[in-house]
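Structure at a glance
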Amino acid sequence: MKKFDIVVIGSGLGGSACALVLSKLGYRVALIERGSHPRFAIGESATPVTSKKIRHLGEIYDIPEFDRFSTYDKIKESKLDIHCGPKELFHYYIHEKGQKSVSLDGEIPEFIVQTPEVDAQYFRSDSDEYMVKIAQEYGVIYLENTSVENIDFSSENVLISCDQQGESLDIDAQFVIDGTGFRSIIGEKFDLKVQGDDLNIPLKSRSIFSHFKNVGDFEEKLNEDDNFVDRSPAPRARATQHHCFDGGWVWVIPFENGVTSVGLNLDIDKYPMNDIDAEEEFWSVIEQYPIIMDLLRHSDNVRPFVKTGRMQYYNSEMVGDRWAMLPASAYGLDAWFSTGLASSFIAIHRLADILHERVFPGNRFTRDNLLDYELAMKKEYLHVSKMIHGMYKSFKHYDVFKHYCSLCFMGAESFLANGGAKKGMDLSSLLLNAGDQGFVDKFGTIYDKVMEWESREEVIDSEIAMLNLYIREDMEPYNYREFGDPKMFGMHPKVSVC
Ligand SMILES: Cc1cc2nc3c(=O)[nH]c(=O)nc-3n(C[C@H](O)[C@H](O)[C@H](O)COP(=O)(O)OP(=O)(O)OC[C@H]3O[C@@H](n4cnc5c(N)ncnc54)[C@H](O)[C@@H]3O)c2cc1C
């Protein structure tokens, strides 16, 4: 029987990076993958939080490869042989059904926030393969085409029974990390997974996505409009574009190899689940929005469409005696804000700290020693899901959207300004500032307003003026970018907050 200190199941970016860090800390680590690389994965867009966290992990654990992987510019400088794309902007545009002209009453309903560095759009088949390779260079034993058949926690150590292409393989480990993403192998085993109507959050969304060739350039469309004045701090082709409409939004993520990732995300309250074929439903929604349709008119999908059910799930327990889940196994939310990869890298730091400082030194493998880690993920799950829920409900009114969205950026930027990306197991530094009760309460006030306004056809000028005042005055300690200042025209060039 093979013996390891730690076994990580699942070799996505999260699982591989986690295995790598633990191996660097001196543990004997195995990484088990049921498939093989390269393979398609979703979760392509990084954020300033993701980039900073990856870089910081490189610094504290002395893994220079993390630094080289942390942004688009670093990937290019280091000449890494992986496809990616530059992300210099978060770009948002609000569409109305049937709208053909990009300006409405002379106004272009855009909102743009520039990132401090050029973050990466990760082409996951390449980036995940790269991370597995680096993990192996740091001593991780990688077992691919190996499916876990059973995990037995009944004896002193953990016994993992696998099937490796028809051969059985037994592994003994002191600790197991579930990095299997939404499949949550340990959640399934212990029946911990909560999904569907049993969930305790109002966010209900689903997604239909694929990779395309020949997607049009939104800037060309804007340039055709007489009312368009280009104030964007960078080209929109270097953005993650968010094309929002009442009831959903579309991401557009261009890579440099000519492939563009496009995903349609739908509010289940407005677009209930159904059995319609993925491709058919995708186009039936897109064609109601002529400007988005124009972008995709000459495109061809280069992969089959994927249609999800409700994307939200969580596990009632995320740690246990001799095991822990990475965030994508512990819970799932939505693609909005691209929090998935950031939460994975943040959690790797927390988990590595706890295992190295508390669990392994004293042989304290019980659940109670890991509860801080679970609590942090649960708080983040509730806070981020509420923020995203408010986003879906704000798409109907551009002015509400713009202000509410800036509030969410304040969450991310105050996390960075407070040094959140550098902290490990510190409950004061949770994703999107979930650990700052003052911020959470203030954000809650506006969330409640968004819920109230969602059912209305109009939000009157005095209400928008009140919202604007709130953003500029009450939120002032969190506002690093003059959000709410009409002189900015909804365009916010980069600032360095930490
Ligand atoms: C529609 C959608 C869009 C998203 N967009 C973004 C985004 O833009 N930015 C962002 O940051 N996040 C995004 N996310 C979240 C992101 O996908 C995840 O956070 C991220 O992929 C997590 O990586 P991971 O390595 O933990 O898991 P995964 O990437 O899911 O990898 C899990 C791995 O485990 C393997 N595995 C599964 N079961 C077993 C088993 N039994 N035995 C062995 N191996 C197994 C799988 O083959 C896979 O390789 C999105 C999520 C969704 C659903």
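No experiment lies behind these values; they were computed from the predicted model shown.

Calculation criteria
Every chain is numbered on its own, with residues counted from 1 as its sequence reads. Note on the predicted model: pLDDT of at least 70 is required for a residue's local features to be given, and 80 or more for side-chain atom pairs to be given and counted; whole-chain, interface and lining totals, by contrast, use all residues. The basis for the side-chain values is all heavy atoms of the structure; hydrogens and waters are excluded. Three exposure classes are used, based on accessible area relative to the maximum for each residue type with a 1.4 Å probe and protein chains only: buried under 20%, partly exposed in between, and exposed over 50%. Each helix corresponds to a stretch of at least 4 residues labelled H or I by DSSP, and each strand to a stretch of at least 2 residues labelled E; elements are numbered beginning at the N terminus. Paired strands, as defined in this entry, are two strands with at least two bridges between them according to DSSP. Residue types Ala, Val, Leu, Ile, Met, Phe, Trp, Tyr and Cys, when buried and joined through side-chain atoms within 4.5 Å, form a set referred to as a nonpolar core. Should any heavy atoms of two residues lie within 4.5 Å, those residues are counted as being in contact. We define proximity as follows: a residue is near a molecule or strand when any one of its heavy atoms falls within 4 Å of that partner. Pairs of N or O atoms within 3.5 Å make up the polar contacts considered here, provided that, within protein, one atom can donate a hydrogen while the other can accept it, and that residues adjacent in sequence are counted only when both atoms are side-chain atoms. To measure how exposed things are, a 1.4 Å probe is used in the Shrake-Rupley method; for residues, cover is taken only from the protein chains shown. The distinction between a cavity and a pocket rests on a 1 Å grid over the protein atoms alone: a 1.4 Å probe fits inside a cavity but cannot get out, while a pocket stays open yet meets protein on both sides within 12 Å along at least five of seven lines, and a residue with an atom within 4 Å of a point counts as lining. Grid points are joined across faces, edges and corners, and a volume is the space filled by probe spheres set on the points. Residues are grouped as follows: nonpolar covers Ala, Val, Leu, Ile, Met, Phe, Trp, Tyr, Cys and Pro; charged covers Asp, Glu, Lys and Arg; every other residue, Gly included, is treated as polar. Multiply 1.5 Å by the residue count of a helix minus one, and that product is the helix's expected span.

This paragraph deals with the pairing of strand E3 (residues 84-94). Taken across its 11 residues, E3 has 11 buried, putting it largely inside the fold. As judged from the 9 bridges shared by E3 and strand E4 (residues 110-122), these two strands associate in the antiparallel manner. Bridging across to E4, Phe90 finds its partner in Val113. Where E3 lies against strand E11 (residues 239-245), 6 bridges are found, and the strand directions are parallel. In the strand pairing of E11, Leu89 is matched with Ala239.

This part covers the nonpolar core. A general trend in soluble globular proteins is that nonpolar side chains are found buried together. Counting 137 residues, the largest nonpolar core has Ile6, Ile160, Ile177, Trp336, Leu355, Phe401 and Tyr404 as the members making the most contacts within it. The dominant element in this core, judged by the number of residues it contributes, is helix H13 (residues 398-417), at 12 residues. With near-sequence residues (within four places) excluded, Ile177 lies in contact with Ile6, Val7, Val8, Ile9, Cys18, Leu22, Ala324, Leu326, Leu351 and Leu355. Counting 19 residues, the second-largest nonpolar core is a separate cluster that includes Val250, Leu264, Tyr271 and Phe282.

Read across the sheet, 3 strands follow the order E9-E16-E19 without closing on themselves; strand pairing throughout is antiparallel. The open sheet has two edge strands, strand E9 (193-195) and strand E19 (331-332), and neither has a second partner. Two elements, E9 and strand E16 (residues 313-315), share 3 bridges in a ladder whose sense is antiparallel. Across the sheet, Gln195 pairs through a bridge with Tyr313, a residue of E16.

Moving on, we come to the site of the ligand. Around the ligand, a shell composed of 30 residues is seen, among which Gly14, Glu33, Ile42, Arg124 and Leu341 lie nearest. Within the backbone of Gly14, a nitrogen or oxygen atom sits 2.8 Å from an oxygen atom of the ligand. Within the backbone of Leu341, a nitrogen or oxygen atom sits 2.7 Å from an oxygen atom of the ligand. For the ligand, whose unbound accessible area comes to 1,000 Å², protein coverage reaches 87%.

Turning our attention to empty space enclosed by the protein. Applying the stated rule across the entire model yields 1 cavity of 30 Å³ or more. Within this model, the largest cavity holds a volume of roughly 210 Å³. As for the largest cavity, its lining consists of 21 residues, and the residues nearest its centre are Thr47, Pro48, Phe90, Phe409 and Ala412. Elements supplying a minimum of two residues to the lining of the largest cavity: helix H2 (48-60), E3, E4, helix H11 (339-359) and H13. Here the lining of the largest cavity gets 5 residues from one element, more than from any other, and that element is H13. When the residues that make up the lining of the largest cavity are grouped by side-chain class, the tally is 16 nonpolar, 3 polar and 2 charged.

When the terminal C-alpha atoms of helix H12 (residues 371-394) are compared, their 35 Å separation across 24 residues agrees well with the 34 Å that a helix rising 1.5 Å per residue should span. In terms of burial, H12 is a largely internal element, 17 of the 24 residues being buried.

Glancing now at the pairing of strand E10 (residues 205-213). Of all 9 residues in E10, 8 are buried, a share of seventy percent or more. Bridge count for E10 against strand E13 (residues 259-267) is 9 bridges, and the pairing is antiparallel. In the strand pairing of E13, Ser207 is matched with Asn265. Sheet topology places E10 next to strand E15 (residues 306-307); 2 bridges connect them, and they run antiparallel. Across the sheet, residue Ile208 finds its bridge partner in E15, namely Lys307.

What follows covers unusual backbone geometry. Pro38 follows His37 through a cis peptide bond whose omega is 0°. Within the secondary structure, Pro38 sits in the loop between strand E2 (29-32) and H2. Phi angles above zero are rare outside glycine, and Arg322 is one such case at about 70°. For Arg322, the location among the structural elements is in the loop between strand E17 (319-320) and strand E18 (323-325). If you check the backbone angles, Leu432 has positive phi at about 55° while not being a glycine. Tracing the sequence through the fold places Leu432 in the loop between H13 and helix H14 (437-454).

Purely geometric stuff here, so don't read any function into it on its own.
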